[in-house]
Amino acid sequence: DARALNLANWEERVAVHAGSQEYGLGRYLEDPTRLSSVVEIDRALLGALDGLDVVHLQCHIGTDTLSLARLGARSVTGYDFSPAALAVGREFVAAAGSPVDFVEGELYDALEHLGAARFDLVYTGVGALCWLPDVRGWARIVAGLLRPGGRLVLREAHPVLWSLDYERRDGLLVMRFPYFETADPVVIDEPGTYTDGDASGIEHTVTAEWNHGLGEVVGALLDAGLVVTHLRETREIAWNALPDLLVERADGWFVARDPDVAERLPLMYTLEARRPEAPRLGTS
């Protein structure tokens, strides 16, 4: 059961992430203007959120969620399947003095838990889509949550990155895992987690993941009735996904050490899609 595997793993990651320097929850409490690095880099794309109702899908412990609230949104809802993550998120935003609502549920049940056509912005941050078996189903959920004129903003790791072998062989980049969505997940047994902190307590180390090609993501959104208005592949990434290839920039983002590798390796992408406005009465 892929869901059970993944939930058990994420439940155990929460305490490590909440206490890590990488997430740095305390820094948000010390600085009421602080934004997460992912929200900060996409601030221009997100634009002013004043008066908007926002939902952050797969929100985890809420650092991006709080950041969206700090951009002026009228309301922000975080949605995730992990009870432990949502408990941390609620305590975190309460300490920060921000009115964020957190709702527990499966991604594909979001319309039942949150309601249709309720939001002006659906936000999905890094490392979310790889846990979903069906990108077309995800796109239908996104479209259903949006009001007419509402939009999706997505920043994700690039599917080329997810397909690479973690270990370089003879100095080469090797595509080991599927690029396109597959019926069966890639099952990975990887100890620890991606942050600093003591991860020795993580006993459920097996996860089930799916890749989704860039064309599959775009096609799914188009088929769900959305209009793609922005798509950009990038050469930087928010974490050191390939330690022997990447170096940290002054701004905390990671780029390829070798310029030749940088030209061959997309690391992330950003996408914006909008739900068309409802036609006026008497028009088609």
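Residues numbered from 1 in each chain as written. Predicted model: local features only at pLDDT ≥ 70, side-chain atom pairs only at ≥ 80, totals over all residues. Heavy atoms only, no water.

Notes on empty space enclosed by the protein
Right, on to step 1. Evaluation of the coordinates by the stated rule reveals three cavities of 30 Å³ or more.
Right, on to step 2. By volume, the largest cavity is sized at about 120 Å³.
Right, on to step 3. In the lining of the largest cavity, the residues fall into eight nonpolar, one polar and one charged.
Right, on to step 4. Counted as a void, the second largest cavity has a volume near 60 Å³.
Right, on to step 5. Every residue along the wall of the second largest cavity is listed here: Leu129, Cys130, Glu156, Ala157, Pro159, Trp162, Trp210, Asn211, His212, Val217 and Tyr269.
Right, on to step 6. Mapped onto the lining of the second largest cavity, the elements with two or more residues apiece are strand E5 (146-157) and helix H9 (159-163). (1 Å grid on protein atoms, 1.4 Å probe; cavity = no way out; pocket = protein on both sides within 12 Å on 5 of 7 lines; lining within 4 Å. Points joined across faces, edges and corners; volume = space filled by probe spheres on them. Nonpolar A, V, L, I, M, F, W, Y, C, P; charged D, E, K, R; others polar. Helix = DSSP H or I, 4+ residues; strand = E, 2+ residues; numbered from the N terminus.)

Thoughts on the sheet that holds strand E11 (residues 254-256)
Right, on to step 1. Spatially, the three strands line up as an open sheet ordered E9-E11-E10, and their pairing is antiparallel. Among the strands making up the open sheet, the edge pair consists of strand E9 (236-237) and strand E10 (246-248).
Right, on to step 2. One ladder, built from three bridges, connects E10 with E11; its direction is antiparallel. Residue pairing in the sheet places Glu248 in a bridge with Phe254 of E11. (Pairing = 2+ DSSP bridges.)

Observations concerning the sheet that holds strand E1 (residues 53-57)
Right, on to step 1. Across the sheet, seven strands lie side by side as E3-E2-E1-E4-E5-E12-E8; this open sheet has mixed pairing. In this open sheet, the two edge strands, each paired with only one partner strand, are strand E3 (100-104) and strand E8 (227-234). The mean angle between the axes of side-by-side strands here comes to 15 degrees, regardless of whether they run parallel or antiparallel.
Right, on to step 2. Pairing of E8 with strand E12 (residues 268-274) involves seven bridges; the strand directions are antiparallel. The residue bridging Val227 from the neighbouring strand is Arg274, located in E12.
Right, on to step 3. Against the sheet, helix H5 (residues 63-70) contacts E1, strand E2 (75-80), E3 and strand E4 (119-124), and its axis sits at roughly 170 degrees relative to E2.
Right, on to step 4. The strands touched by helix H8 (residues 135-145) are E1, E4 and E5; relative to E5, the strand with the most contacts, the crossing angle is about 140 degrees. (Axes fitted to C-alpha atoms, helices over the stretch in contact; angles between N-to-C directions. Contact = heavy atoms within 4.5 Å.)

Structural notes on H5
Right, on to step 1. Burial analysis of H5 places seven of its eight residues in the buried class, which makes it a mostly covered element.
Right, on to step 2. All buried positions along H5 are accounted for by Thr63, Asp64, Thr65, Leu66, Ser67, Leu68 and Ala69.
Right, on to step 3. Just beyond H5, the residue with positive phi is Gly72, at close to 100 degrees. (Buried < 20%, exposed > 50% of the residue type's maximum accessible area, 1.4 Å probe, protein only.)

Looking at the packing of aromatic side chains
Right, on to step 1. Within the structure shown, the criterion is met by six aromatic pairs.
Right, on to step 2. A ring pair is formed by Tyr23 and Tyr194, whose centres lie 6.4 Å apart and whose planes are at 50 degrees; its orientation type is tilted. Of this pair, Tyr23 sits in the loop between helix H1 (2-18) and helix H2 (25-30) while Tyr194 is found in the loop between strand E6 (186-189) and strand E7 (206-209), placing the two residues 171 residues apart along the sequence.
Right, on to step 3. The class for Tyr194 is partly exposed, based on a relative accessible area of 36%.
Right, on to step 4. A network of ring pairs unites the aromatic residues Trp10, Tyr23, Trp131 and Tyr194 as a single cluster.
Right, on to step 5. The residue whose ring lies beneath Arg13 is Trp10, and the NZ or CZ to ring-centre distance is 4.3 Å.
Right, on to step 6. The positively charged end of Arg34 is found above the aromatic ring belonging to Tyr28, 5.3 Å away from the centroid. (Phe/Tyr/Trp six-rings, centres within 6.5 Å; stacked < 30°, edge-to-face > 60°. Lys NZ or Arg CZ within 6 Å of the ring centre and 35° of its normal.)

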